[in-house]
Amino acid sequence: METVLLATKLRIPPPLQQAVERTRLTDDLERRVPHHKLILISAPAGCGKTTLLATWARASRFPIVWLSLGEEDDDVEHFLRYLLAGWAELQPAVRQSPLGLLLGGMTPDIDAVLLAFINAADNAPTHLVFVLDDFHLIEDPAIHSALTFVLDRLPPTVHFVMASRAEPPLPLARYRVRQELLELRAEDLQFSLDETADFLNQLMRLDFTHDELVALQAQLEGWVAGLQLAALTRQRRLSVNDQLVVSGRHRFIADYLSENVLARLPEDTQRFLLQTSILDRLCESLCDAVTGRAGNQQMLESLERANLFLVPLDDNREWFRYHHLFADFLHSELKRRHPAELAMLHGRAAQWHLAHDLPDQAFRHAAEADNAALVIRVFERFVPAKLVGGEIRIVERWLASLPPAWRATYPIIGFAWACTLLYTGQFDTGARILDELERLALAQGEDSHRHLARVTALRCLVACYQNDLAPAEALAQQAIRDLPEDELDLRNGVYGSLGDTYRSRGRWDEAKACYLKTLDFTTAPTFHAQSVVTFGALADLDLRQGLLHGAAAYWRRALAVIGERQSWGNFPLPLIGWVYIRMGEILYEWNELGEASDHIAQGLERAELGGDVQGMIAGYLAAGRSKLTAGDVAAASEYLERARPLVQQAPFPDWTGRFGRLQLECWLAQNKLRLAVEWAGEMLRGDADEGPAEIEEAQLATARVLVARGDAPSLERALALLGRSLRAAKEEGRVGVQIEALALRALAHWRGGEQASAMTALERALRLAEPEGYVRLFADFGLPMARLLQEAHARDVRPEYVEKLLAAFNGARSIRTVAGSVLPEPLSGREQEVLRLLAAGLTNREIAEALVVSPETVKKHTGSIYGKLGVGNRTEAAARARELDLLD
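Just so you know, these numbers come straight off a predicted model, no measurement behind them. (Residues numbered from 1 in each chain as written. Predicted model: local features only at pLDDT ≥ 70, side-chain atom pairs only at ≥ 80, totals over all residues. Heavy atoms only, no water.)

Visitor: What is the right way to look at the overall build of the chain in this model?
Guide: Along its length, the chain carries 47 helices and nine strands. The C-alpha atoms of the chain give a radius of gyration of 37 Å, which is well past the 29 Å a tight globule of 888 residues would have. With the C-alpha coordinates aligned to their principal axes, the bounding extent of the chain is approximately 130 × 70 × 45 Å. Residues classed as buried in the chain amount to 55% of the 888 residues present. If you take every contact in the chain between residues at least 6 apart in sequence, the share linking residues at least 24 apart comes to 67%. About 37800 Å² of surface is accessible on the chain, with carbon and sulfur atoms providing 50% of the total. (Helix = DSSP H or I, 4+ residues; strand = E, 2+ residues; numbered from the N terminus. Rg over C-alpha atoms; globule rule 2.2 N^0.38 Å. Buried < 20%, exposed > 50% of the residue type's maximum accessible area, 1.4 Å probe, protein only. Contact = heavy atoms within 4.5 Å. Areas by Shrake-Rupley, 256 points an atom, 1.4 Å probe, with all protein chains shown as cover.)

Visitor: Just checking my understanding: could you explain the sheet that holds strand E2 (residues 64-68) for this structure?
Guide: Within a sheet, each strand pairs with its neighbour through backbone hydrogen bonds, oriented either parallel or antiparallel. Pairing in this open sheet of five strands is parallel, and the strands run E2-E4-E5-E1-E6 from one edge to the other. Across the chains shown, the open sheet's two edge strands, defined by having one partner strand only, are E2 and strand E6 (181-184). Taken over all neighbouring pairs, the strand axes of this sheet differ in orientation by 15 degrees on average, direction set aside. Sheet topology note: the strand E4 (residues 128-133)/strand E5 (residues 158-164) ladder contains five bridges and is parallel. (Pairing = 2+ DSSP bridges. Axes fitted to C-alpha atoms, helices over the stretch in contact; angles between N-to-C directions.)

Visitor: Can you walk me through the packing of helix H4 (residues 76-90) against helix H6 (residues 110-122) in this structure?
Guide: Pairs of packed helices are described in terms of their axes, by the angle between the two and the distance that separates them. Close contact between H4 and H6 brings their axes to 12 Å; oriented N to C, the two are set at 20 degrees. Comparing the axis directions of H4 and H6 gives the class roughly parallel. Along this stretch, H4 crosses H6, giving a crossing that reads as left-handed. Of H6, the residues touching H4 (which contributes Val-76, Glu-77, Leu-80, Leu-83 and Trp-87) are Ile-110, Val-113, Leu-114, Phe-117, Ala-120 and Ala-121. (Parallel < 35°, antiparallel > 145°, perpendicular 65-115°, else oblique. Left-handed = near helix turned anticlockwise from the far one by under 90°.)

Visitor: Would you mind going over the packing of aromatic side chains with me for this structure?
Guide: Both the distance between ring centres and the angle between the ring planes are used here to describe each pair of aromatic rings. Across all of its chains, the model carries 17 aromatic pairs by this definition. An angle of 10 degrees between the planes, with centres 4.6 Å apart, marks the rings of Phe-363 and Trp-398 as stacked. Note that Phe-363 is positioned in helix H20 (residues 359-368) and Trp-398 in helix H22 (residues 392-401), a separation of 35 residues in sequence. For Phe-363, a relative accessible area of 6% translates into the label buried. Ring geometry for Tyr-495 versus Phe-521: centroids 6.2 Å apart, planes at 25 degrees, classification stacked. In this pair, Tyr-495 is assigned in helix H27 (residues 488-504) and Phe-521 in the loop between helix H28 (508-518) and helix H29 (527-544), connecting sequence segments 26 residues apart. When sorted by exposure, Tyr-495 lands in the same class as Phe-521, which is buried. Ring-pair connections join several aromatic residues into one group, and the members of that group are Trp-87, Phe-117, Phe-130 and Phe-160. Positioned above the aromatic ring of Trp-417, the side-chain terminus of Arg-407 is 4.2 Å from the ring centre. Positioned over the ring face of Phe-415 is Arg-454, at 5.9 Å from the centre of the ring. (Phe/Tyr/Trp six-rings, centres within 6.5 Å; stacked < 30°, edge-to-face > 60°. Lys NZ or Arg CZ within 6 Å of the ring centre and 35° of its normal.)

Visitor: Sorry, what's going on with the side chain of Asp-73 here?
Guide: Checked against the element boundaries, Asp-73 lands in the loop between E2 and H4. Of note is the side chain of Asp-73, whose polar atom sits 2.5 Å from the side chain of Lys-9. Once residues lying within four places of it in the same chain are set aside, the contact partners of Asp-73 are Lys-9, Ser-68, Phe-79, Tyr-82, Ile-138 and Ile-143. (Polar contact = N/O pair within 3.5 Å; in protein donor to acceptor, adjacent residues only side chain to side chain.)

Visitor: Which parts of the structure should I look at to understand unusual backbone geometry?
Guide: Phi is mostly negative for residues that are not glycine, and the peptide bonds are mostly trans. One non-glycine residue, Asp-370, lies in positive phi territory at about 55 degrees. Its location among the elements puts Asp-370 in the loop between H20 and helix H21 (372-388). The exposed category is assigned to Asp-370, whose relative accessible area is 54%. Positive phi outside glycine occurs at Arg-798, with the angle close to 40 degrees. For Arg-798, the location among the structural elements is in the loop between helix H42 (783-794) and helix H43 (799-807).

Visitor: How should I be thinking about the pairing of E4 in this particular structure?
Guide: For a regular strand, side-chain orientation follows a simple rule: the groups alternate between the two sheet faces. Here E4 lies mainly inside the structure; six of its six residues are buried. Neither face of E4 is exposed, since Leu-128, Phe-130 and Leu-132 on one face and Val-129, Val-131 and Asp-133 on the opposite face are all buried.

Visitor: What should I look at first to understand helix H34 (residues 633-649) in this one?
Guide: Because an α-helix packs 3.6 residues into every turn, residues spaced three or four apart end up facing the same way. The end-to-end C-alpha separation of H34 is 25 Å, in line with the 24 Å expected for 17 residues at 1.5 Å each. The largest bend in H34 is about 30 degrees, located at Ala-643, with the proline Pro-645 one to four residues further on. Residues of H34 that are buried include every one of Val-633, Ala-635, Ala-636, Ser-637, Tyr-639, Leu-640, Ala-643, Leu-646 and Val-647, and no others. (Expected span 1.5 Å × (residues − 1). Bend = angle between axes of the 7 residues up to and from the residue.)

Visitor: Got a minute to help me understand the nonpolar core in this structure?
Guide: The tendency in soluble globular proteins is for nonpolar side chains to be buried as a group. In this structure, Phe-160, Phe-379 and Phe-778 are the most contacted members of the largest nonpolar core, which totals 225 residues. With eleven residues, helix H31 (residues 573-589) is the largest single contributor of residues to this core. When residues no more than four places from it in sequence are discounted, the contact partners of Phe-778 are Ile-739, Ala-743, Leu-762, Ala-765, Leu-766, Ala-769, Met-785, Tyr-801, Leu-805 and Phe-809. Counting 33 residues, the second-largest nonpolar core is a separate cluster that includes Phe-272, Leu-274, Leu-303 and Ala-349. (Core = buried A, V, L, I, M, F, W, Y, C linked by side-chain atoms within 4.5 Å.)

Visitor: For this particular structure, what's the right way to read the environment of Glu-585?
Guide: Examined against the element boundaries, Glu-585 turns out to sit in helix H31. On the basis of relative accessible area, Glu-585 is assigned to the buried category, the value being 18%. Remark: the alpha-carbon pair of Glu-585 and Ala-596, spanning eleven residues in sequence, is separated by 6.7 Å. Glu-585 has contacts with Ala-618, Ala-622, Trp-655 and Arg-658, leaving out every residue within four places of it along the chain.

Visitor: How should the environment of Gln-478 be read in this particular structure?
Guide: Mapping Gln-478 onto the fold places it in helix H26 (residues 469-482). Residues Gln-478 and Ala-453 lie 25 residues apart in sequence; the distance between their C-alpha atoms is 7.9 Å.

Visitor: Help me out: how do you make sense of the packing of helix H33 (residues 613-629) against H34 in this one?
Guide: In the contact formed by H33 and H34, the axes pass within 8 Å of each other and the chain directions differ by 160 degrees. It follows that H33 is roughly antiparallel to H34 by the angle criterion. In this structure, H33 meets H34 at a crossing whose hand is left-handed. Contacts from Val-613, Met-616, Ile-617, Tyr-620, Leu-621, Ala-623, Gly-624, Lys-627 and Leu-628 in H33 reach Val-633, Ala-635, Ala-636, Tyr-639, Leu-640, Arg-642, Ala-643, Leu-646 and Val-647 in H34. Partitioned by chemical class, the residues of the contact of H33 with H34 number 15 nonpolar, one polar and two charged. (Nonpolar A, V, L, I, M, F, W, Y, C, P; charged D, E, K, R; others polar.)

Visitor: I'm lost on H29 in this one. Help?
Guide: With 18 residues, H29 extends 25 Å between its outermost C-alpha atoms, agreeing within 8% with the 26 Å of an ideal straight helix rising 1.5 Å per residue. Buried residues dominate H29, accounting for 13 of its 18 residues. Residue Gly-546 follows H29 closely and has a positive phi angle near 75 degrees.

Visitor: Whenever I open this one, the pattern of salt bridges confuses me. Can you help?
Guide: Side-chain pairs of opposite charge can arise where the charged atoms are in close proximity. Tallied over the full model, the rule gives 60 salt bridges. Put simply, Glu-485 and Arg-491 hold a salt bridge, and the shortest N to O gap is 3.4 Å. A salt bridge links Lys-512 to Asp-542; the nearest nitrogen and oxygen atoms lie 3.4 Å apart. One end of the pair, Lys-512, is in helix H28; the other, Asp-542, is in helix H29, with 30 residues separating them in the sequence. For Lys-512, a relative accessible area of 25% translates into the label partly exposed. Overall, the relative accessible area of 4% leaves Asp-542 in the buried class. (Salt bridge = Lys/Arg side-chain N within 4 Å of Asp/Glu carboxyl O.)

Visitor: How should I be thinking about the state of the cysteines in this particular structure?
Guide: Linking two cysteines covalently via their sulfur atoms produces the bond known as a disulfide. In the structure shown here, the tally under the stated rule is zero disulfides. Cysteine Cys-464 remains unbridged, with the sulfur of Cys-460 as its closest cysteine sulfur at 4.1 Å. Exposure remark for Cys-464: the relative accessible area of 9% places this residue in the buried category. (Disulfide = S-S within 2.5 Å.)

In structure tokens:
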């Protein structure tokens, strides 16, 4: 239903059944609009503003973004999202622009949105016109400020057209002086005598004489609504000159409508008009609910045919609204004639909107009815979802519009107040309100148990937020025990918050159990919005344990929810960016490099737009690693430098280790071993091998430098570091760390000449890694790991998986031959030793003495080496070995 109503706001109103073609005005608009940034049509009700604009817009050669405004749009976020929605109807790509991404996130930064709007407008391929109808209904100063900012910076190809009963609070004088403003006033909209004659005698098929037309024109001054009244008068066989007295334009309009229009309608029509005058928009089922009578579609269509100020909002004639002038009159008449019915009618309207999941309209009618019971139903059903969805300002506005005494009378309203305080970080005030709620709940009698349980649940959420685990656990147990089964949102919130607290304490199994319980509350109003956070938390838990497939499944479920149409605007932009980046990291590990880069780019764009420091760090490092793998060291270093100041300034110690690791890999790719060794030395002097778990990334990176250095003391220190990491990771079930530590241990043993130990460590790493499909963890170690894997393949160690890993090295220049392929047959460990001594200039006899083998054995190994390298002598062998980085 919300989608249907939104569509009526974004569609150019369909043509009226009786409308004069005002070519002189529409042609003038078409000619002059491209030369002005703001076109203001300011005139009282009934002057034909909307009809003129709709007629022009339907025939214009320019793309028109139409927005029919209502009182519910008096919120800057809603207003800007509707503008974007209308723009996207014409140019869908704008949803993927920074403007669309910002407004697609929860509680966007308005300043950033406005800058993005200007940039998007500057990229518009042709002239683009935004039409804002009924702009007088907008009173929020934030919207006026936003439009002023936009108008001051608009490119010359973008224009705003506003229809309003009064001048909007914009710097119109400045625009007039700059000749950027085109204005149409009431006198410009007046019907000419010819247009008056066309309307009355041609379209309405009446029989006004020329003298009567001249008299009407003089009396009404071309006022369109007055002419419509004159037509209704003649249709009812009245004497126009005697009855139509509206010389004060609107001074006597109510009397006229009452006596000469409403009073002469059938009783059932009068009753329908008065009862439905409380509605902003009308459709058959809504009118049936409000009037208490069925079958009102025929009534709506007959009112439109009778030209009784009913305006269609869609081409199917399903949705309508009253002309504002007529609606004001009808509502005043309803208050005057039947004041006792107002509360009942608003109550019926509230119930219909409740049933159709339209919270804003439901609340307005419930409040107009002064019906606390209905307001409570709206609050119970929609407030949790609005708070979770970031619509805190709307809830605050609802609360402010209610009698203050209701907060102290009805616990659910006080509960909503406490929630807004806690969501905005006002914990001290929120705690005081919870104390008051507890006292109020105890006085409620039969429903006190439910209200007390709600208070307990909120206190649990506060304790979890403050990471105070002991009271959080006790409060959670009490809340879950006391909350009724239908309190789905609070149950969901308690489990989710407790899961976060367990996760921050490293109690992963308990955290996962809590998160999985939240996924049982599929019918909770907040489930949709909360599920993405839950999927992310579960993915994080799986990643900590090295479970790539499980983590990817959760990230994909999160992306599926984010991509649903109803999710637009319900999630913070940083959260959306984070999901894309983390999914990109897993795709990278699986060596799906193209898809990984796409996800990382999308996530990084959202993180930058949302100003999310942690997301930007993660994105820059992931993008840098992808560039490094592609051989673009310069681009990788650029991403590293973008991340550097963020890592230095932000309190994210776990990302400091990841930054150090990428820095190390860039140095190694640039053959800057000295810098890498110096960095490792600083880490060792800082007792990195005894530091907390959050610098584990740095510990592994330090071990890698020590292995690359290759001397006996360095290898010994590396193995000690790796042993410590392995023990800790095994105790905590962190498989990913175990795999990396074992792979490094294998390289350390291989470098130290301990081939059997190297193969044992590598086989253990492969056995752990194969089920989850790890690839880049091995491939990113470069040529030394490639040589080790070639040896494993020669020994038939997990051959299929090893072949998959070796295939990932095909993109690395350091292990390509001149022909561009990996060595068809790897060098054995003994052959690598012979090659190093051969390249050092030793003779076969000297090599034999060094390796304690016979010269014939050396000669045999040398021949095998020549064949594998595709060379004919030792000089060529040494050159090719250096080319392939086979020599230390």
